[in-house]
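Close look at the chain arrangement
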Amino acid sequence: MYGEAAKTALGFFWKAGWAFVLGYAISAMIQVFVPKHRLVRHMGEASVRSTALSTAFGTISSSCSFAALAAARSLFVKGAHFILIVAFMFASTNLVIELGILILIFLGWQYLVAEIIGGLILITISAMLIKFTYPKGWIKKAREKAEGDAPKEEDFSPLERMRSAKGWRMVGNQFVMEWQMVWKEILIGFTVAGFMKVFVPDAFWKALFLHGYRDTLPELLIVLQNAIVGPFVAALTFIGSMGNIPLATVLAGSGVSFAGVMAFIYSDLMVPPLVRVNAKYYGWRVAFYIAGIMLVSIVATALILHFGFAAFNLIPEATQSAVMSEQFAIDYTFFFNLAFVALAAYMVYLHWRHKQHSEHGHDHDHGDGGGFSLQDWVVLIFILGLVGGIIAFATTGGVPSGAQ
């Protein structure tokens, strides 16, 4: 089973490889060619227009959870309203292009549509909750605690930058920086999902999410329980950013309700390391306030999505995704991966050319500073585990040890 789990985890990487390259290439182009500082000027007051701008700003930003929090902190220091900060965080982790591509591959179009619609509902509900519960004293102290200014962005013509070699070198540099920020979370998330798929039986998830009580308990109660449990399961996995999509696929295939899966996906900002980063930026009171706002918003959004999709008979059946079983094959994924490996290599080349022309690097704040962190140790262990698993799989010829 150990070898099968490693193979399953690597199969997830294989299926998603081209999507990651495409998503981050598009993200890099948007971030380089869109003058974002022009949006920041309109984020001082909370209104429908400014919330829409903040959402748009988040959508064209990095999908890395740590980078999202760092960018939100920088906007907050610049004077952006707190409601818009939360909207930005939700948008930058739920409405980005690369996440949408991954959801489409692993979960299907219904979940992609739900992710987009739900992301907007999520932002609307959180804005209303903050408006009615706004702790002025806490936010004032949080603004005083927030440190550092965001680096100034030069004013430029998007068209001229797109026509220049420098602009495309910047795209390659941004592409590599994005990968440097997220690859650890992706590796952890995909590996955990692969091992859970093999070692954790469906019966566990069905019991945790009350699957066996659907004939005896009211549907509303079960859906509500799923929507509440989903975020806590996400928090316990410690997986942020896009690493939770494969595990969401495992949950969906195990019969977890639509509300439970969507709540799980939306909860990547509630994992303990990210709550700790918010505490570092704003203090623990505001960090827990943000987490509380997010939890209520996520549960409410999951319920709205579940019963809204049910009304139109759009809830997908709890069937195992093809990604889970048909991982390695000579199909479109094979040829897409070949093509996008070439694109990734070109982006790395542009990054190298950028470094040749620039004396200064630009790193996003992950909140933990330098040194070998706990996450680094986990990544090292997981890499060794994957290598060992593949060796075990090759040694047994893909036959589970108990079947020999």
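Just so it is clear, the structure is predicted and the values come from calculations on it, not from any experiment. (Residues numbered from 1 in each chain as written. Predicted model: local features only at pLDDT ≥ 70, side-chain atom pairs only at ≥ 80, totals over all residues. Heavy atoms only, no water.)

The subject of this paragraph is a nonpolar patch on the surface. Judged by side-chain polarity, Leu 104, Trp 109, Val 113, Ile 117, Phe 312 and Leu 314 come together as a nonpolar surface patch covering roughly 570 Å² of accessible area. Mapped onto the elements, Leu 314 comes out in the loop between α16 (284-311) and α17 (322-325). Judged by its relative accessible area of 31%, Leu 314 falls in the partly exposed class. (Patch = residues over 30% accessible without salt bridge, like charges linked within 9 Å, V, L, I, M, F, W, Y side chains within 5 Å. Areas by Shrake-Rupley, 256 points an atom, 1.4 Å probe, with all protein chains shown as cover. Salt bridge = Lys/Arg side-chain N within 4 Å of Asp/Glu carboxyl O. Helix = DSSP H or I, 4+ residues; strand = E, 2+ residues; numbered from the N terminus. Buried < 20%, exposed > 50% of the residue type's maximum accessible area, 1.4 Å probe, protein only.)

Next up on the list: the packing of aromatic side chains. Scanning the model with the defined rule gives 21 aromatic pairs in all. On the numbers, 6.3 Å between centres and 45° between planes, the contact of Trp 14 with Phe 334 is tilted. Placement of the pair is Trp 14 in helix α1 (residues 2-33) and Phe 334 in helix α18 (residues 332-357), with a sequence separation of 320 residues. Given a relative accessible area of 25%, Phe 334 falls into the partly exposed group. By way of ring pairs, the aromatic residues Phe 76, Phe 82, Trp 138, Tyr 281, Tyr 282 and Tyr 289 are connected into one cluster. (Phe/Tyr/Trp six-rings, centres within 6.5 Å; stacked < 30°, edge-to-face > 60°.)

Turning our eyes to something else, we now look at helix α10 (residues 165-199). The end-to-end C-alpha separation of α10 is 50 Å, in line with the 51 Å expected for 35 residues at 1.5 Å each. Taken as a whole, α10 carries its principal kink of about 45° at Val 182. (Expected span 1.5 Å × (residues − 1). Bend = angle between axes of the 7 residues up to and from the residue.)

A word on α1. With 32 residues, α1 should reach 46 Å at 1.5 Å per residue; the first-to-last C-alpha distance of 45 Å fits that figure. Most pronounced at Ala 16, the bend in α1 amounts to some 45°.

Charged atoms that come close allow side chains of opposite charge to pair. A full pass over the atoms with the stated rule returns one salt bridge. With a closest N to O distance of 2.2 Å, Lys 184 and Asp 376 form a salt bridge. Remark: Asp 376 occurs in helix α19 (residues 374-396) and Lys 184 occurs in helix α10; sequence separation between them is 192 residues.

A separate point is the side chain of Ser 257. With respect to the helices and strands, Ser 257 occurs in the loop between α13 (245-253) and α14 (258-266). Classification of Ser 257 by relative accessible area gives buried; the value is 8%. Apart from residues lying up to four places away in sequence, Ser 257 is in contact with Arg 214, Asn 226 and His 306. (Contact = heavy atoms within 4.5 Å.)

What follows deals with the nonpolar core. Among the nonpolar cores identified, the biggest contains 104 residues, and Phe 82, Met 89, Phe 106, Leu 107, Phe 175 and Tyr 282 are the most heavily contacted of them. With residues up to four places along the chain from it excluded, the contact list for Phe 175 reads Val 21, Tyr 24, Ala 25, Ala 28, Ala 344 and Met 347. (Core = buried A, V, L, I, M, F, W, Y, C linked by side-chain atoms within 4.5 Å.)

Further remarks concern the packing of α1 against α10. In contact at an axis separation of 8 Å, α1 and α10 are set at 155° when each is read in the N-to-C sense. As summarised for this structure, α1 and α10 are arranged roughly antiparallel, according to the angle between their axes. You can see that α1 and α10 cross each other, and the crossing is right-handed. (Axes fitted to C-alpha atoms, helices over the stretch in contact; angles between N-to-C directions. Parallel < 35°, antiparallel > 145°, perpendicular 65-115°, else oblique. Left-handed = near helix turned anticlockwise from the far one by under 90°.)

Turning our eyes to something else, we now look at the environment of Ile 30. Residue position: Ile 30 is located in helix α1. Along the sequence, Ile 30 and Ile 60 sit 30 residues apart, while their C-alpha atoms lie 6.2 Å from each other. Once residues lying within four places of it in the same chain are set aside, the contact partners of Ile 30 are Ile 60 and Ile 97.

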